[in-house]
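The residues making up each chain are set out below.
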Amino acid sequence: MDERANGSSPAAENEDMLPLPTMSSLVEIERIISNSSQSLYLRDKLVLNIVNSNFFEQLRDLHDTCEDLDATEELHLIYSIVRQMILLNDSSIFEHMIKQENIIGVVSILEHDPHQKIERGTFRNFLLDNTRYKEVVPIEDADIESKIHQTFRLQYLKDIVLPRILDDGTLPIINALLYFNHAQIANYLQHNQRLLKNLFGILHDSEDMYRKHDVVFFVRQFCSLAKSLPIPYRVGLFRTLSQYGLFSIFEYALQEDKSAELQVAGADVLLSVLEQDRALVRSYIIAQSRHHSEKADLMGLIIQGTKNKDRSDVRMQCCEVLRVILDTAQQQQQQQQQQQAASSTETFEIPTAENGGGQCDNGDMEDFIALFYGAYAQSAMETLLSLTAKSIQGIGSQSKQSAYLLFLCETLSTCVRLHGYRARSFVFATDIAKNISLLLQAKPNHLKLAALRFIRACVGIQDDSYNKYLIGHRLFDPIIALYLRVYTRDNLVSSACRELFTFIAANRIASLLSHLTNVHTKSLSQAKRTLDMLRKAYSDYLEQSERARAGTAAVTPTVGMGRQSALSINSLIGQEPQRHTQTINGVVAASHDAGTMKWVQGSAVDEMEDAYLETSDDDESDDSSAMAIS
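Every residue gets a number counted from 1 within its own chain, in the order that chain's sequence is written. The predicted origin of the model limits local features to residues at a pLDDT of at least 70 and limits the giving and counting of side-chain atom pairs to 80 or more, whereas totals for whole chains, interfaces and linings rest on all residues. For side-chain calculations, the full set of non-hydrogen atoms in the structure is used, while hydrogens and water are omitted.

A. Summary view of the nonpolar core. Of all hydrophobic cores here, the largest spans 130 residues; its most connected members are V219, F250, L298, M299, L384 and V459. Note on contacts: a residue pair is in contact if any heavy atoms of the two residues lie within 4.5 Å. If we skip the residues at most four places from it in the chain, L298 touches F247, F250, L254, L270, V281, Y284, I285 and Q288. To qualify as a nonpolar core, a set must consist of buried Ala, Val, Leu, Ile, Met, Phe, Trp, Tyr and Cys residues joined through side-chain atoms within 4.5 Å. Burial status follows relative accessibility: with a 1.4 Å probe on protein chains alone, a residue under 20% of its type maximum counts as buried, one over 50% as exposed, and anything between as partly exposed. Of all hydrophobic cores here, the second largest spans 45 residues; its members include I33, L162, I165 and L178.

B. Region of interest: the packing of aromatic side chains. The pairing test for Phe, Tyr and Trp rings, Trp by its six-membered ring, is centres within 6.5 Å, and the orientation test on the planes gives stacked under 30 degrees, edge-to-face over 60, and tilted for anything in between. A full pass over the atoms with the stated rule returns 14 aromatic pairs. Look at F126 and Y156: their rings are 4.6 Å apart centre to centre, the planes differ by 10°, and that puts the pair in the stacked class. A residue pair is termed long-range when its members are at least 10 positions apart, and F126 in helix α8 (residues 122–128) and Y156 in helix α9 (residues 142–161) qualify at 30 residues. For the ring pair F428 and Y469, a centre distance of 4.8 Å and an interplane angle of 20° mean the geometry is stacked. Within this pair, whereas F428 is found in helix α24 (residues 420–430), its partner Y469 is found in helix α27 (residues 464–472), the two being separated by 41 residues in sequence. By the criterion adopted, a ring carries a charge over it if an Arg CZ or a Lys NZ lies within 6 Å of its centre and within 35 degrees of its normal. R456 extends its terminal NZ or CZ atom over the ring of F503, reaching a point 3.9 Å from the ring centre. To qualify as a helix, a DSSP run of H or I must reach at least 4 residues; to qualify as a strand, a run of E must reach at least 2; elements of each kind are numbered from the N terminus.

C. Up close: the packing of helix α12 (residues 209–226) against helix α13 (residues 231–244). Here the axes come from fitting lines to C-alpha atoms, over the contacting stretch only for helices, and the angles between their N-to-C directions go from 0 to 180 degrees. As a packed pair, α12 and α13 sit with axes 11 Å apart at the nearest point and diverge in direction by 160°. One way to sum up the angle between α12 and α13 is to call them roughly antiparallel. Seen along the crossing, α12 lies across α13 with a hand that is right-handed. Residues F222, C223 and A226 of α12 lie in contact with α13, whose contacting residues are R234, L237, F238 and L241. Nonpolar residues are Ala, Val, Leu, Ile, Met, Phe, Trp, Tyr, Cys and Pro. Charged residues are Asp, Glu, Lys and Arg, and all others, Gly as well, are polar. Partitioning the contact of α12 with α13 into residue classes produces 6 nonpolar, no polar and 1 charged. For classification purposes, angles smaller than 35 degrees are called roughly parallel, those larger than 145 roughly antiparallel, those between 65 and 115 roughly perpendicular, and all remaining angles oblique. In this scheme the handedness of a crossing depends on how the near helix is turned from the far one: anticlockwise by less than a right angle means left-handed, clockwise means right-handed.

D. Geometry of the pattern of salt bridges. A pair is scored as a salt bridge if a Lys or Arg side-chain nitrogen falls within 4 Å of a carboxyl oxygen belonging to Asp or Glu. Scanning the entire structure with this criterion turns up 25 salt bridges. Note that K258 and D257 form a salt bridge whose closest N and O atoms lie 3.5 Å from each other. Judged by relative accessible area, K258 falls into the buried class, the value being 11%. For D257, a relative accessible area of 60% gives the class exposed. With a shortest N-O distance of 3.2 Å, R290 and D367 are connected by a salt bridge. Of the two residues, R290 sits in helix α16 (residues 278–291) while D367 sits in helix α20 (residues 363–380), which places them 77 residues apart along the sequence. A relative accessible area of 55% means that R290 is categorised as exposed. Here the residues in one salt-bridge network are E67, D70, E111, R120 and R124, joined through shared partners.

E. Spotlight on unusual backbone geometry. Positive phi, close to 55°, is recorded for D70, a residue that is not glycine. In this fold, D70 is placed in the loop between α4 (55–69) and α5 (72–86). Residue D70 is classed as exposed on the basis of its relative accessible area, which comes to 51%. Look at Q462: it is not a glycine, yet its phi comes out positive at around 55°. Relative to the elements of secondary structure, Q462 occurs in the loop between α26 (445–460) and α27. Residue classification places Q462 among the buried residues on the basis of a relative accessible area of 18%.

F. Main features of the packing of helix α28 (residues 476–486) against helix α29 (residues 492–506). Following both chains from N to C, one finds α28 and α29 inclined at 125°, their axes separated by 9 Å at the closest point. Considering their axes alone, α28 and α29 lie oblique with respect to each other. Judged by the twist between their axes, the crossing of α28 over α29 is left-handed. Two secondary-structure elements touch here, α28 through F476, I479, I480, L482, Y483 and V486 and α29 through V493, S494, C497, R498, L500, F501 and I504. Of the residues that constitute the contact of α28 with α29, the class distribution is 11 nonpolar, 1 polar and 1 charged.

Listed below in structure tokens is the structure:
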């Protein structure tokens, strides 16, 4: 029989659900709540009873009485009752508990966990301390101010008070409440022009240093709050903030004379912007360089922060900022997100150097790369450029210098892969590869691996200019010397060296194969399997080239396809294109070719056509430079 088919009204049912909270009725109340959680109908009825009556207020008063009497057993029963109320997993229960008049009572009750000793007053004193709430600018909407306080309490309950209580059903309820509060608060702040003007105006107009610091921390907390919101909204949010002076935050906070805490806060905000809209930051840096602004140079401040030896937290954050801002691989994805943001948010003015931004278009990425190598690359890589064989010997595996050199090597390897001829010109002009090769003699293995990854990046893009540079400057000498010391061991260094030689052999890089098999035959004779692999690959290459030259007379006319490639008629009507593979010492290695129009990859037909045309296509080499680096 349906429990609701008794003709009684909801109000009457609610009145009879729970008895009046007294010291003698606590056991009965605990039993009723425990049993009600087993039935969906009874649970809903119980929630209505708790929310619509003054049950919780009465329970809170009883708790105060029990504390005065030091009634430990009753305090534990009240804790158990509130715990079971929370595990009902109903949002209305949480909203009722975190009200201004109830929240202190809730945390006071939860201090009496029988399984965990918590000093009385720990939770309630934290929430009663109003000094943690700072109103940097007036928030005139009382509802939004209430949401801010409510969000703080919810976050405190989630992170500090309830971790041992929460189950898989409770956590999503709290997260949902936090999400909706975050959305309302962010929407209010984003569209309140008066508030934003007053907020960023403090950095320019106020003489109070502490107020300026509060602005930085406020914006950091605002960005942290916005991380839970959809990506298109975040992109539009940062564009809006940039119109009111978002970049003045970085120029103020990242200055060397500011405190470490303030510098880290400024770098945190900058990272939040870069995660969603790198083009916005790059465009501002470009606009700043064009207008010769008297403000602090943002890119210079970032690089200066990476060199801060005394503040490791600041250095770490600035290194991450520099790494992200130089990574152009994610540019297309972020442009798609910006298009979504433009269609899902209000129209906004494109920021300029005067109001905190710059034009955001596809050309900015190339302009930024040109600006970086023209004005900042030397300064950013100064530590690598000043390396000497003597200074390498004093670097320990746990030193700060070791971590910084690792970062610079990884950054430069990324630049080589992504920045094309500009990175190549920088490497050739500064001879920085020679300094990096010195790291092969360092004691920490991770520095040796970093140097090997850089060489691997240069070889991996299959640009003949890099190959000639490596050969001309004898940069394979220290690699082979290192390999001969470790090739009998199974470790990362020996594996990285083997992978480099295997890649060269698998892709038949003729200049490097010739150099390794002719110049380094005596040295590599100790590692016979490696030398045999390289010799076989070079022999196969020579045989294939010989067959290509011998077959040039039989090559049919070609169909011109522009500078990208020229396909023979036979290749158009012949077999399906197949991936060219070869076996080297029992390992099947694929010949990777990223050419746009090549249907027959690595086949003899292509070799014959190349010989017939007697030309080299530099663009083909550039096309193949997108090789994935393991």
